[in-house]
Structures are given as C-alpha cells and as structure tokens.
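# Understanding the architecture of this molecule
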Amino acid sequence: EIMVRTPLERKHSEAFVYDDDEDFQECEMLFESYFILADNLFDKLSDLSEYIDDTEDLINIELDHHRNQLIQLELVLTTATFSIALIGVVSGIFGMNIRNESESSHTTFLMVTVISCLGSVLLFFAIMLFCRHKKLLFFS
C-alpha cells in the first residue's frame, strides 16, 4: 500500500531532523552580518567622536583668541588710567593748602596743565610702544 503523506505530516516528520552543518552556517552568517553592522556603527561613532574633539579644539582656540584680545584691551585701558592718574597727582600737589607765589599766576597754571597733559600723553604712547616692542600688543 502506498502511503501518501499530507503536507502537515511531512512538516511534522521533518521537524525532528536537524541539519547541524546548515544551521551552523546560517548562525555564522547571521553573526557575521551583525558583526559587520556593529563594526560600521563603531567606525561611524569613532568618526563622530573625532569630529566632536576637533570642534572642541576649534572652540577653545577661538575662546583663547578672544581672551587674548580682552587682555590686550585691559592693558591699554590700565595704561590710559595710569597716564591720567599722573594729572591727578600733579593737580593734587598744586591743590594743597600751601601758600606760594605761583598760585596767583595764570601762566604758571597753564604751563603746569599743558606740561602734565603732554607728559601723560607721552607716557601713554611710550608704554604702548614698549608693549608693542615686547609683542604684548598685536593690533595697531
């Protein structure tokens, strides 16, 4: 008697037959594809990390440049303040309540004022030239 198996019986009888070599190759191919995907992802993440590091370095360079500009501006303002303070010292000396003959002379007042202002301006420019000579200032 010829037995004809139905598709359900065929699946049921073949379910217990394993082809170990074929299953192993399928698993190996699956793991290989996952490894390639993971390796590509790792490469992309490494490139992204390097890009982030480069961007951080660029930002730090720009911040250092701006910080240097602020330090130079502070140097100029401090020098200007020092030069103007000299005029205050001269006026403080002549503004004391000490009587002398030069207080009543208008020409002496003008001479002291002009000399102290010119001295202050010359001192400012002398300090600026010294700073440029020592390469503390990079702008004109």
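In this text the structure is predicted, and so the values were computed from the model without any measurement.

### Considerations on the overall build of the protein chain
In terms of regular secondary structure, the protein chain is built from three helices and zero strands. Sequence-ordered secondary structure for the protein chain, helices as α and strands as β, is α-α-α. By sequence separation, contacts in the protein chain at least 24 residues apart represent 73% of the contacts at least 6 residues apart. Carbon together with sulfur atoms contributes 67% to the accessible area of the protein chain, which is approximately 12700 Å² in total.

### Considerations on the pattern of salt bridges
Overall, the coordinates contain one salt bridge when judged by the stated rule. Taking the shortest distance from any N to any O, the salt bridge between aspartate 64 and arginine 67 comes out at 2.6 Å. In this pair, aspartate 64 and arginine 67 both sit in helix α2 (residues 20-94), three residues apart, roughly one turn of the helix.

### Some points on the side chain of serine 116
Turning to its location among the elements, serine 116 is positioned in helix α3 (residues 106-133). On the basis of relative accessible area, serine 116 is assigned to the buried category, the value being 13%.

### Topic: the nonpolar core
Grouped burial of nonpolar side chains is what soluble globular proteins tend to show. Within the largest apolar cluster, five residues are counted, these being Val76, Phe124, Met128, Cys131 and Leu137. Broken down by element, this core gets its largest block of residues, three residues, from α3. Other than its neighbours up to four places away in sequence, phenylalanine 124 contacts Val76, Thr79, Ala80 and Ser83.

### Some points on the confidence of the model for the protein chain
Per-residue confidence for the protein chain gives a mean pLDDT of 85, with 84% of residues at or over 70. When pLDDT is averaged over each element of the protein chain, α2 comes out on top at 93 and helix α1 (residues 7-14) at the bottom at 52.

Parameters and conventions
Residues numbered from 1 in each chain as written. Predicted model: local features only at pLDDT ≥ 70, side-chain atom pairs only at ≥ 80, totals over all residues. Heavy atoms only, no water. Helix = DSSP H or I, 4+ residues; strand = E, 2+ residues; numbered from the N terminus. Contact = heavy atoms within 4.5 Å. Areas by Shrake-Rupley, 256 points an atom, 1.4 Å probe, with all protein chains shown as cover. Salt bridge = Lys/Arg side-chain N within 4 Å of Asp/Glu carboxyl O. Buried < 20%, exposed > 50% of the residue type's maximum accessible area, 1.4 Å probe, protein only. Core = buried A, V, L, I, M, F, W, Y, C linked by side-chain atoms within 4.5 Å. pLDDT = per-residue confidence, 0-100.

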